[in-house]
Amino acid sequence: MSNREKAIQLLNVIDDEKMVYVLNILENLTCFAEIPNSETIAAFQEGDNMLANGTGKRYTSTSSLFADLEA
């Protein structure tokens, strides 16, 4: 049995009054798993395409990235 299946079994025995605590825990855990919006996904795809086509630039350090941004 997977951890997800075990968790679902446990959720089924928690009464509604205590379920609010479970919801709070789940909300706190999932705040780190934000789903990117369409604009962010498009930016990722643009970057991937630039690297694939040889038009993108890779940086090995943040200092060289910031130097290019300041120029």
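All values derive from a computational prediction rather than experimental measurement.

Conventions we followed
Along every chain, residues carry numbers that run from 1 in the direction the sequence is written. Only residues with pLDDT of at least 70 get local features here, since the model is predicted, and only at 80 or more are side-chain atom pairs given and counted; chain-wide, interface and lining totals rely on the full set of residues. With hydrogens and water stripped out, all remaining heavy atoms of the structure feed into the side-chain values. Strands here are runs of E lasting at least two residues and helices are runs of H or I lasting at least four, both read from the DSSP assignment and numbered beginning at the N terminus. Taken over C-alpha atoms, the radius of gyration is set against a globule rule of 2.2 Å times the number of residues to the power 0.38. Burial classification: accessible surface area is computed with a 1.4 Å probe over protein chains only, and a residue below 20% of its type maximum counts as buried, one above 50% as exposed, and the rest as partly exposed. A pairing counts as a salt bridge when a side-chain nitrogen of Lys or Arg comes within 4 Å of a carboxyl oxygen of Asp or Glu. Each patch is built from residues that are more than 30% exposed by relative accessible area and take part in no salt bridge. Like charges join if they lie within 9 Å; nonpolar side chains (Val, Leu, Ile, Met, Phe, Trp, Tyr) join within 5 Å. For the area figures, the Shrake-Rupley method with a 1.4 Å probe applies, and any residue is considered shielded solely by the protein chains shown. A helix is expected to span 1.5 Å multiplied by its residue count minus one. Pairs of N or O atoms are called polar contacts if they sit within 3.5 Å, as long as, within protein, a hydrogen donor faces a hydrogen acceptor (for residues adjacent in sequence, only side-chain-to-side-chain pairs).

*Asks:* Would you mind going over the overall build of the protein chain in detail, with residue names and values included?
*Replies:* Within the protein chain, the regular secondary structure consists of 4 helices and 0 strands. Listed N to C, the secondary structure of the protein chain is α-α-α-α in terms of helices and strands. For 71 residues, the compact-globule estimate of 2.2 N^0.38 gives 11 Å, and the protein chain exceeds it by more than 25% at 22 Å. C-alpha extents for the protein chain along the principal axes are approximately 60 × 25 × 20 Å. When each of the 71 residues of the protein chain is scored for burial, the buried share is 1%.

*Asks:* Describe the pattern of salt bridges, and please don't skip the residues or the numbers.
*Replies:* On inspection of all chains with the given rule, the structure shows 1 salt bridge. In this structure, the salt-bridge partner of Lys-57 is Asp-68, at a minimum N-O distance of 2.7 Å. Here Lys-57, found in the loop between helix 3 (38-53) and helix 4 (62-70), pairs with Asp-68, found in helix 4; they are 11 residues apart in sequence, far enough to count as distant.

*Asks:* Help me get a handle on a nonpolar patch on the surface, residues and values and all.
*Replies:* A grouping of Leu-23, Ile-25, Leu-26 and Leu-29 is seen on the molecular surface, where their side chains present a nonpolar patch of about 390 Å² in accessible area. Along the chain, the position of Ile-25 falls in helix 2 (residues 16-30).

*Asks:* Which residues make up the environment of Pro-36, and what values go with them?
*Replies:* Relative to the helices and strands, Pro-36 resides in the loop between helix 2 and helix 3. Among the residues examined, Pro-36 registers a relative accessible area of 37% and is labelled partly exposed. As for Pro-36 and Asn-24, which are separated by 12 residues in sequence, their C-alpha atoms are 22 Å apart.

*Asks:* Before we move on, could you go through the environment of Ile-35 and cite the residues and values that matter?
*Replies:* Here Ile-35 lies in the loop between helix 2 and helix 3. Placed 34 residues apart in sequence, Ile-35 and Leu-69 show a C-alpha to C-alpha distance of 28 Å.

*Asks:* I'd love a proper account of helix 2, names of residues and values included.
*Replies:* End to end, helix 2 covers 21 Å across 15 residues, agreeing with the expected 21 Å (1.5 Å per residue, within 8%). Of all the 15 residues making up helix 2, 1 are buried; the element is thus mostly uncovered. Between the side-chain oxygen of the N-cap and the backbone nitrogen of Glu-17 there are 3.2 Å, and the N-cap of helix 2 in question is Asp-15.

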